[in-house]
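This is what each chain is made of:
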Amino acid sequence: MRVHKTATCGCCGKWVEHMQRDGFEVETLDVENLAAVKTRLGVPDAMASCHTAEIDGYFIEGHVPAADVRRLLAERPDARGIAVPGMPMGSPGMEMPDGRSQAYTVELVAADGTHRPFAEHPAR
């Protein structure tokens, strides 16, 4: 997995650690222009977050749980990738000290840029 992020983003580093703990090999690239990466990979503006990863022909946008990445790779849908728009509290890399989290949805982004729910993560 290759992760494009800015050098100063702490939550991006925490997400990388989450992926590594789950067994992913991760190469990180600190970049100045994340917008160019997102455009190249076809990440819709509405799906944007603070970092973008690439793995096996898919993009992984934002704080997607490792289990959802594994599911994507196992099922191999015809899609550009999966995304967690924004930075939901309690998602991987955005953990709260008290364990709270807000509900969020991992979206599957189709080749035509449309999206639909791929995984639901309830609030805790």
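In the block above lies the structure referred to throughout.
Residues numbered from 1 in each chain as written. Predicted model: local features only at pLDDT ≥ 70, side-chain atom pairs only at ≥ 80, totals over all residues. Heavy atoms only, no water.

**Quick look at the nonpolar core**
To keep things clear, this is the line we draw: Residue types Ala, Val, Leu, Ile, Met, Phe, Trp, Tyr and Cys, when buried and joined through side-chain atoms within 4.5 Å, form a set referred to as a nonpolar core. Burial classes: relative accessible area under 20% of the type maximum marks a residue as buried, over 50% as exposed, and values in between as partly exposed (1.4 Å probe, protein chains only). In this description a helix means any DSSP run of H or I spanning at least four residues, a strand means any run of E spanning at least two, and both kinds are numbered starting from the N terminus. We call two residues in contact when some of their heavy atoms are within 4.5 Å.
Formed by 24 residues in total, the largest nonpolar core has its most connected members in Met 1, Phe 24, Ile 60, Val 69 and Ile 82. When residues of this core are traced back to their parent elements, those giving at least two are α1 (10-21), β3 (52-55), β4 (58-61), α3 (66-75), β6 (104-109) and β7 (115-121). In terms of residue count, α3 provides more of this core than any other element does, four residues in total. Sequence-distant contacts of Phe 24, that is, excluding residues within four places in its chain, are made with Met 1, Met 19, Ile 55, Ala 66, Val 69, Arg 70 and Leu 73. By size, the runner-up hydrophobic cluster in this structure holds seven residues, among which are Leu 41, Met 47, Phe 59 and Ala 83.

**Comments concerning α3**
Convention followed: Arc definition: directions from the helix axis to the C-beta atoms.
For α3, every residue scored as buried is listed here: Ala 66, Asp 68, Val 69, Leu 72 and Leu 73. Taken end-on, α3 shows its buried residues confined to a sector of 165°, consistent with a single buried face. Exposed side chains of α3 directed beyond 90 degrees from the buried face belong to Ala 67 and Ala 74. Looking one or two residues past α3, Arg 76 carries a phi angle of roughly 50°, positive in sign.

**A closer look at the sheet that holds β7**
The condition that has to hold: Paired strands are those between which DSSP finds at least two bridges. What counts as an axis is a line fitted to C-alpha atoms, over the stretch in contact for a helix, and the angles between N-to-C directions run from 0 to 180 degrees.
As summarised here, the arrangement of the seven strands in space is β2-β1-β3-β4-β5-β6-β7, forming an open sheet in which the pairing is mixed. Looking along the sheet, the strands with just one partner apiece sit at the ends: β2 (27-30) and β7. Recorded for the sheet is a direction-independent mean angle of 20° between the axes of neighbouring strands. Relative to β6, strand β5 (residues 81-83) is paired through three bridges, and the arrangement is antiparallel. Its bridge partner being in β6, Gly 81 is matched across the sheet by Val 109. Along the sheet, α1 makes contact with β1 (2-5), β2, β3 and β4, crossing β1 at roughly 170°. Of the strands in this sheet, β1, β3 and β4 are in contact with helix α2 (residues 34-41), which crosses β3 at around 40°.

**Topic: the pattern of salt bridges**
Where we set the bar: Here, a salt bridge means any Lys or Arg side-chain nitrogen found within 4 Å of an Asp or Glu carboxyl oxygen.
Applying the stated criterion across every chain yields a total of seven salt bridges. Its salt-bridge partner being Glu 54, residue Arg 40 comes within 3.1 Å of it at the nearest N-O pair. Of this pair, Arg 40 sits in helix α2 while Glu 54 is found in strand β3, placing the two residues 14 residues apart along the sequence. On the accessibility criterion, Arg 40 (51% relative accessible area) is exposed.

**Regarding the packing of aromatic side chains**
Rules: Any pair of Phe, Tyr and Trp rings, taking the six-membered ring for Trp, is counted once the centres come within 6.5 Å. Such a pair is stacked with planes under 30 degrees apart, edge-to-face with planes over 60 apart, and tilted for the rest. Two limits define a charge over a ring: the Lys NZ or Arg CZ must be within 6 Å of the ring centre, and within 35 degrees of the ring normal.
Under the criterion given, the structure shown has zero aromatic pairs. Over the face of the ring belonging to Phe 24 we find Arg 70, whose NZ or CZ atom lies 4.2 Å from the ring centre. Between Arg 71 and the ring centre of Phe 118, over which it is positioned, the NZ or CZ distance is 3.8 Å.

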